[in-house]
Amino acid sequence: MTSTVLKRTSMTTRAITRSQFDLAADLLNLEDYMRQLLVRPFRSLTVEVPVRMDDGSYQVLEGYRVQHNGARGPCKGGVRYHPEADELEVLGLATTMTWKTALLDIPFGGAKGGVQVDPRGLSTRELEEVTRVFTSRISLALGPYRDIPAPDMGTNAQVMAWMFDEYSKRGGYSPAVVTGKPIALGGSLGREEATGRGVMYTMQYFSQDYGVPLKGGTVAIQGFGNVGAHLARLLHEQGAKIIAVSDVDGGFHNDGGIDIPRMFQHAYVDRRPVPEFKGEGGTITNDQLWNVSCDWLAPSALGGVITKEKNASTIDCKVVVEGANTPVTPISDKILDDRGIPVLPDFLANAGGVVVSYFEWVQNLQQHPWSITKVTEELEAKMRVAYDDVRKIVEEKGVPWRTAAFTISLARVAEAERLRGHHDSNSASS
Ligand code: NAD
């Protein structure tokens with residue numbers, strides 16, 4: 001974890017969110033004290049996570065929970081289990097959550113958590129123990145009206161079920177303390193596909209407004225996990241032609257359009273590598289994906305993949321849609337802007353997941369589950385309003401989409417901070 005690679009990744013996440021913040025703060029003439037308040041986290045916990053391994057030995061892992069801001073509501077954000085998780089990366093991601101929840105106008109702030117561990121190397125019992133110890137160590141800062149975790153890289157619905165159970169031992173039955181739970185424990189219908197669905201809606205609106213075709217349009221997607229696979233499936237259903245997809249093992253390309261229902265079964269349901277797909281088309285490398293000429297490019301795997309050094313000057317698409325968090329570096333943002341390629345930013349495009357997490361929280365608090373139709377309709381309504389809000393500023397001020405989105409988020413969080421007044425009484429998360 002002390003590798004320079006890790007440090008670079010963490011610094012990148014932080015640098016990306018910081019430089020975007022400065023641009024928007026300047027546009028809003030934000031006061032200096034407010035900038036300081038909104039750059040730093042409200043609270044940052046680092047905890048020891050001692051775990052007894054199956055062979056009888058002990059390991060002491062490190063875990064983090066960073067609450068960036070709770071002025072607009074309880075802090076909200078995922079927990080990732082990853083060998084390279086660290087405090088700086090978690091802080092960058094927690095900050096993004098603050099802007100995302102504000103932009104979608106849901107009553108949450110931003111948080112993120114992580115444990116520095118490779119979950120693939122753990123047995124189910126060890127994974128459960130890591131989760132229970134971590135939850136117990138951060139539980140003083142959690143709660144349905146305080147801070148609500150969710151799954152992220154390396155965690156899933158089962159991990160959320162253990163977190164809910166561990167927290168409930170002290171707090172009483174508290175399903176609203178985490179989201180992304182199994183349906184049987186109060187999870188929401190539609191949560192699994194929600195992020196991909198939200199990305200698709202954003203693309204639909206943009207297509208209607210700016211004439212980049214979606215039906216019959218061509219799409220390349222990096223990543224075929226939760227976000228990328230559902231996005232591909234939903235876009236295919238809308239008549240889009242998905243011509244290139246990739247996962248960690250490589251990519252697959254077909255200018256005539258990949259058979260997405262079969263690819264979905266192969267790579268997402270059966271968990272087989274994308275390049276092993278047997279269908280019309282051929283394999284490509286991960287790097288070749290960036291050379292594919294298409295209408296829409298949707299990086300939906302990792303942060304920091306569109307860079308000045310690698311591909312920002314050469315990618316050949318009409319629009320970039322950020323399915324992943326921070327896939328485009330700030331300098332690449334500028335390069336793409338100069339090239340006339342709009343970037344639909346992560347905290348707008350991939351916000352569908354946190355919106356349906358919010359619906360899950362509402363359903364848990366009311367003890368009243370929603371139908372899938374209601375979830376989908378309400379998600380569509382939230383995404384539409386946020387998109388329209390951002391578009392209005394893009395049109396009025398002539399700024400890029402990311403800057404426009406940032407000004408909305410910053411203004412909302414700053415207003416909540418001012419109205420609450422005493423900055424030590426950030427009580428949603430105190
Ligand atoms: P996931 O683990 O389900 O899938 C990740 C995919 O990326 C996998 O197909 C993996 O093989 C692929 N991948 C990994 N390294 C790659 C590489 N070098 N080249 C090409 N593909 C590679 O994760 P996910 O939930 O789909 O999340 C993807 C991104 O979206 C992350 O940045 C995540 O933070 C962000 N995000 C996810 C959600 C959500 O609800 N799942 C919400 C908002 C943002």
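**What about the packing of aromatic side chains?**
Inference 1: According to the stated counting rule, one finds 19 aromatic pairs in the structure shown.
Inference 2: Here Tyr210 and Trp401 contribute two aromatic rings whose centre-to-centre distance is 6.0 Å and whose plane-to-plane angle is 80°, an arrangement assigned as edge-to-face. Here Trp401 lies in helix α13 (residues 401–420) and Tyr210 lies in helix α6 (residues 191–210), a separation of 191 residues in the sequence.
Inference 3: For Tyr210, a relative accessible area of 32% puts it in the partly exposed group.
Inference 4: Using a relative accessible area of 6% as the deciding quantity, one classes Trp401 as buried.
Inference 5: Between Tyr358 and Trp361, the ring centres sit 6.2 Å apart and the planes meet at 35°, which makes this aromatic pair tilted. Here Trp361 and Tyr358 lie together in helix α11 (residues 352–366), a separation of 3 residues that amounts to about one turn. The exposure classification of Tyr358 matches that of Trp361, with both residues buried.
Inference 6: One aromatic cluster is present, built from ring pairs that chain together Tyr201, Tyr205, Phe206, Tyr210, Trp296, Tyr387 and Trp401.

**Regarding the site of the ligand**
Inference 1: Lining the immediate environment of the ligand, one finds 21 residues, of which Thr195, Phe224, Asn226, Val227 and Val248 sit closest.
Inference 2: The separation between an oxygen atom of the ligand and a polar main-chain atom of Asn226 is 2.9 Å.
Inference 3: For the ligand, an oxygen atom lies 2.9 Å from a polar atom in the backbone of Val227.
Inference 4: The fraction of the free accessible surface of the ligand (830 Å²) that becomes covered by protein chains is 75%.
Inference 5: Contributing elements (two or more residues each) for the shell around the ligand: α6, α7 (226–237) and β7 (241–247).

**Side note on the pairing of strand β1 (residues 43–52)**
Inference 1: Pairing of β1 with strand β2 (residues 58–69), which is carried by 10 bridges, proceeds in the antiparallel orientation. Across the sheet, the residue bridging to Thr46 is Tyr64, located in β2.
Inference 2: Linking β1 to β2, which pair antiparallel, is a turn of 5 residues; within it Gly56 sits at a positive phi near 95°.

**Thoughts on the domain arrangement of the chain**
Inference 1: As assigned here, the chain comprises domain 1 (13–29 + 39–176) and domain 2 (194–344).
Inference 2: At the junction of the two partners, domain 1 supplies 6 residues and domain 2 supplies 6 residues.
Inference 3: Summed over both partners, the interface of domain 1 with domain 2 buries about 510 Å², with 61% contributed by carbon and sulfur atoms.
Inference 4: On the surface where domain 1 and domain 2 come into contact, there are 0 residue pairs in polar contact (both at pLDDT 80 or more).
Inference 5: Element by element, the count of residues in the side of domain 1 that touches domain 2 is highest for helix α1 (residues 4–27), at 4 residues.
Inference 6: Split into classes, the residues belonging to the side of domain 1 that touches domain 2 amount to 3 nonpolar, 2 polar and 1 charged.

**Digging into the environment of Ala102**
Inference 1: In this fold, Ala102 is placed in helix α3 (residues 87–103).
Inference 2: By relative accessible area, Ala102 is classed as buried at 0%.
Inference 3: For the pair Ala102 and Ala405, spaced 303 residues apart in sequence, the C-alpha to C-alpha distance is 9.8 Å.
Inference 4: Every residue in contact with Ala102, bar those within four places of it in the chain, is listed here: Arg72, Ser409, Arg412 and Val413.

**Quick look at the sheet that holds β1**
Inference 1: Pairing in this open sheet of 5 strands is mixed, and the strands run β1-β2-β4-β3-β5 from one edge to the other. Edge positions in the sheet fall to β1 and β5 (147–151), since each of these pairs with one other strand and no more. Adjacent strand axes in the sheet meet at a mean angle of 25°, parallel and antiparallel pairs treated alike.
Inference 2: Pairing of strand β3 (residues 75–82) with β5, which is carried by 5 bridges, proceeds in the parallel orientation. Bridge pairing in β5 places Gly78 opposite Ala150.

Rules behind the numbers
- Residues numbered from 1 in each chain as written.
- Predicted model: local features only at pLDDT ≥ 70, side-chain atom pairs only at ≥ 80, totals over all residues.
- Heavy atoms only, no water.
- Phe/Tyr/Trp six-rings, centres within 6.5 Å; stacked < 30°, edge-to-face > 60°.
- Helix = DSSP H or I, 4+ residues; strand = E, 2+ residues; numbered from the N terminus.
- Buried < 20%, exposed > 50% of the residue type's maximum accessible area, 1.4 Å probe, protein only.
- Near = heavy atom within 4 Å.
- Polar contact = N/O pair within 3.5 Å; in protein donor to acceptor, adjacent residues only side chain to side chain.
- Areas by Shrake-Rupley, 256 points an atom, 1.4 Å probe, with all protein chains shown as cover.
- Pairing = 2+ DSSP bridges.
- Domains from an automatic or database assignment.
- Contact = heavy atoms within 4.5 Å.
- Buried area = accessible area lost by both parts, 1.4 Å probe.
- Nonpolar A, V, L, I, M, F, W, Y, C, P; charged D, E, K, R; others polar.
- Axes fitted to C-alpha atoms, helices over the stretch in contact; angles between N-to-C directions.

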